[in-house]
Amino acid sequence: MENRSVPPGPYRATKLWNEVTTSFRNGMPLRKHRQHFRKYGNCFTAGEAVDWLYDLLRNNSNFGPEVTRQQTIQLLRKFLKNHVIEDIKGRWGSENLYDNSQLFRFPANSPLKSPPRRPPELRKNSTENFSKDKDSIFKLRNLSRRMPKKHGLQFSQENKENVNCEINEDQENSVGNREISQKDVEEVWRCTILTYLQTILGVSSLEEVINPKQVIPQYVIYNMTNTSKHGVVILQDRSDDLPHWVLSAMKCLANWPRSNDMNNPTYIGFERDVFRTIADYFLDLPEPLLTFEYYELFVNILGLLQPHLERVAINALQLCCLLLPPPNRRKLQLLMRMISRISQNVDMPQLHDAMGTRSLMIHTFSRCVLCCAEEVDLDELLAARLVSFLMDHHQEIFQVPSYLQAAVEKHLDYFKRGHVKNPGDGLIVPLPTYSYCKQVSAQEFEEQKLSTSQNAIAELLENIIKNKSLPLKEKRKKLKQFQKEYPLIYRKRFPTTESEAALFDDKPTIKQPMLILRKPK
């Protein structure tokens, strides 16, 4: 199966839908089946379709191994509803499909979805606000040589603080100071964060991904400056915060079993009741925590969620989460901290009879994190992929980026001195740079992996040998166990019995010949 990643751009969810349906139609095996004493050619059972599509989704970098079999069945039901498939009698339009031996086939023409076109007036307004003149920073006037040309990139953190200023001393001395209004400050924040986003996502324009009017600088400033020592947003208005009973329930499960003191009930199933209480609250929210308006932006970041682009995805999500309203950011951060701790807690009782704890967390909360205002067929799979990544990297994603604050202060200083006329013109920020990874063959990779692991194990053996605080009896025991587990590495370190005996300053034990008894005549 060819594993392709749909690049960032507008309507990425629709492009993913077309890719999956095309791959399913071209790759699903077809054969003859017998049902009710009749033979049907070029068809497949629902169970066969679930098996094949389940394997396709789990091995596709756009969705990942977190996809469940139940989600695969839901997607096949949407295939049936959208006439990607039909039953052997030509019926479609419903979602009546189960994991059984029911027969289905492909119609003569599989409809591909076309991306919806934005209204002309909206596109025009967006363009006008996004780029007012030919010198605007959003036309990539100075970014073309910094843009990544291919995948296989690494993010260079140490280059974030490098700034290239082209202002000579005579000009600096000849310009006086000017007053900066609050509106100017907010515009600089807006332009700076959008410039970073455009560069990190590697797109030529952001107008199809996010409308600049959606970026509220007050939210960014608040999320950057009003945080606790743990980096969680502190809200001034308590009415926007999580209810007290929800916070108590989240702390109870996040710190289980330490939080279960004598005041809490101890009946069987208590943990499941607390979990349902938390889930009901988040599932009843009027809109997802990432908001409807930022759906397209976060879906595009899903295309950087690959092993070699992990750092790029973290930096992009770090900036995008700053755009959220402060109450949403706080709820999202606390939710990710809770489900991450629950998933890693080996003492947590089973919260579901048929589903593992990690899968349960992702399946339960994905819809309340990412969702489109209009139903999108891949919503559930895309949301699950994003929640899985947020849960694993929430500590880095919700850190406040210091380089963003430094870039804003630097540009405000230039604007105050009169080096730029408008807050968004000639924006000078320490843009991230990229370096390319050297690709190695599969054989070289396996050799490097084996060499690295063997070196680590050999280092462990040396630590046992050189540990002077370890009692002699305990050291012998550990070495014997090591010899049993890794005989080749042990033999390389101790090729002879004399070298092994030298470690303990004793001579090798030589067995005496047994007494030979003569047989009586």
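Note that the structure is predicted; figures quoted are calculated from it, not measured. (Residues numbered from 1 in each chain as written. Predicted model: local features only at pLDDT ≥ 70, side-chain atom pairs only at ≥ 80, totals over all residues. Heavy atoms only, no water.)

1. What to know about the packing of helix α12 (residues 326-344) against helix α13 (residues 357-365)
At step 1: One way to put it is that α12 packs onto α13 with a least axis distance of 8 Å and a crossing angle of 155°. With respect to their mutual orientation, α12 and α13 come out roughly antiparallel. When the axes of α12 and α13 are compared, the crossing they make is right-handed. Facing α12, whose interface residues are L335, M338, I339, I342 and S343, α13 presents T357, R358, M361 and F365. (Axes fitted to C-alpha atoms, helices over the stretch in contact; angles between N-to-C directions. Helix = DSSP H or I, 4+ residues; strand = E, 2+ residues; numbered from the N terminus. Parallel < 35°, antiparallel > 145°, perpendicular 65-115°, else oblique. Left-handed = near helix turned anticlockwise from the far one by under 90°. Contact = heavy atoms within 4.5 Å.)

2. A short note on the nonpolar core
At step 1: Counting residues in each nonpolar core, the largest one holds 115 residues, and the members touching the most others are F24, F79, I85, F282, F298, L335 and F365.
At step 2: Looking at which element gives the most residues to this core, the answer is helix α14 (residues 379-397), with ten residues.
At step 3: Beyond its immediate stretch of four places on either side in the chain, I85 contacts F24, F44, L76, F79, L80, W92, L97, F104, R105, F106 and P107.
At step 4: Counting residues in hydrophobic clusters, the runner-up holds eleven residues, among them L461, I464, L479 and F494. (Core = buried A, V, L, I, M, F, W, Y, C linked by side-chain atoms within 4.5 Å. Buried < 20%, exposed > 50% of the residue type's maximum accessible area, 1.4 Å probe, protein only.)

3. A look at the pattern of salt bridges
At step 1: A complete count under the given rule lists 13 salt bridges for this structure.
At step 2: R69 is the salt-bridge partner of D51, the closest N and O atoms lying 2.6 Å from each other. In this pair, D51 sits in helix α2 (residues 46-58) while R69 sits in helix α3 (residues 69-81), placing the two residues 18 residues apart along the sequence.
At step 3: Classification of R69 by relative accessible area gives partly exposed; the value is 30%.
At step 4: Note that R276 is salt-bridged to D273, the shortest N-O span being 2.7 Å. Of the two residues, R276 and D273 both sit in helix α9 (residues 270-283), three residues apart, roughly one turn of that helix.
At step 5: Judged by its relative accessible area of 31%, D273 is partly exposed.
At step 6: Through salt bridges with shared partners, a single network forms among D51, R69 and D99. (Salt bridge = Lys/Arg side-chain N within 4 Å of Asp/Glu carboxyl O.)

4. Brief notes about the packing of aromatic side chains
To describe a pair of aromatic rings, one takes the distance between the centres and the angle between the planes.
At step 1: Applying the stated criterion to the full structure yields 15 aromatic pairs.
At step 2: Consider the rings of F282 and F365, whose centres lie 6.0 Å apart with planes at 90°: the pair is edge-to-face. In this pair, F282 sits in helix α9 while F365 sits in helix α13, placing the two residues 83 residues apart along the sequence.
At step 3: Owing to a relative accessible area of 0%, F365 belongs among the buried residues under this scheme.
At step 4: Ring plane angle 50° and centroid distance 5.2 Å describe the contact between F482 and Y486, whose orientation is recorded as tilted.
At step 5: Taking the relative accessible area as the measure of exposure, F482 reaches 5% and is therefore buried. (Phe/Tyr/Trp six-rings, centres within 6.5 Å; stacked < 30°, edge-to-face > 60°.)

5. Quick word on the environment of F104
At step 1: Note that F104 resides in strand β4 (residues 103-105).
At step 2: As a C-alpha pair, F104 and N42 span 62 residues in sequence and 9.1 Å in three-dimensional space.
At step 3: Beyond its immediate stretch of four places on either side in the chain, F104 contacts C43, F44, A46, L80, I85, E86, D87, I88, N96 and L97.

6. Thoughts on the confidence of the model for the protein chain
At step 1: When the pLDDT values of the protein chain are averaged, the result is 78; 73% of them are 70 or greater.
At step 2: Between the elements of the protein chain, mean pLDDT differs from a low of 37, seen in strand β5 (residues 153-156), to a high of 95, seen in α12.
At step 3: Every residue in residues 118-175 is under pLDDT 50, and counting partners more than four places away or in other chains gives 105 contacts.
At step 4: Here residues 428-436 is a poorly scored stretch, pLDDT under 50, and it has 47 contacts once near neighbours within four places are set aside; other chains count. (pLDDT = per-residue confidence, 0-100.)

7. Side note on helix α7 (residues 217-225)
At step 1: Taken together, the buried positions of α7 are occupied by P217, V220, Y222, N223 and M224.
At step 2: Close packing links the buried residues of α7 with α6 (182-201), α12 and α15 (402-417).

8. Looking at the sheet that holds β4
At step 1: With antiparallel pairing, the four strands of this open sheet are ordered in space as β1-β2-β4-β3. The open sheet has two free edges, formed respectively by β1 (31-35) and β3 (86-87), since each of these has just one partner strand.
At step 2: On top of the sheet, α2 reaches β1, β2 (38-45) and β4; it is set at about 20° to β2, its chief contact. (Pairing = 2+ DSSP bridges.)

9. Details of helix α1 (residues 12-27)
Each α-helix winds once per 3.6 residues, and so residues spaced three or four apart point in a common direction.
At step 1: For α1, built from 16 residues, the straight-helix expectation of 22 Å at 1.5 Å per residue is met to within 8% by its first-to-last C-alpha distance of 22 Å.
At step 2: All of the buried residues in α1 are R12, A13, T14, L16, W17, N18, E19, V20, T21 and F24.
At step 3: Residues of α1 that are buried sit in contact with β2, α2, α3, α10 (295-301) and α14. (Expected span 1.5 Å × (residues − 1).)

10. Thoughts on the pairing of β1
For a regular strand, side chains alternate in direction, first toward one face of the sheet and then toward the other.
At step 1: Across four bridges, β1 lies against β2 in antiparallel orientation. Paired with Q35 across the strands is R38, a residue of β2.
At step 2: What sits between the antiparallel neighbours β1 and β2 is a turn of two residues, in which H36 has the positive phi angle 55°.

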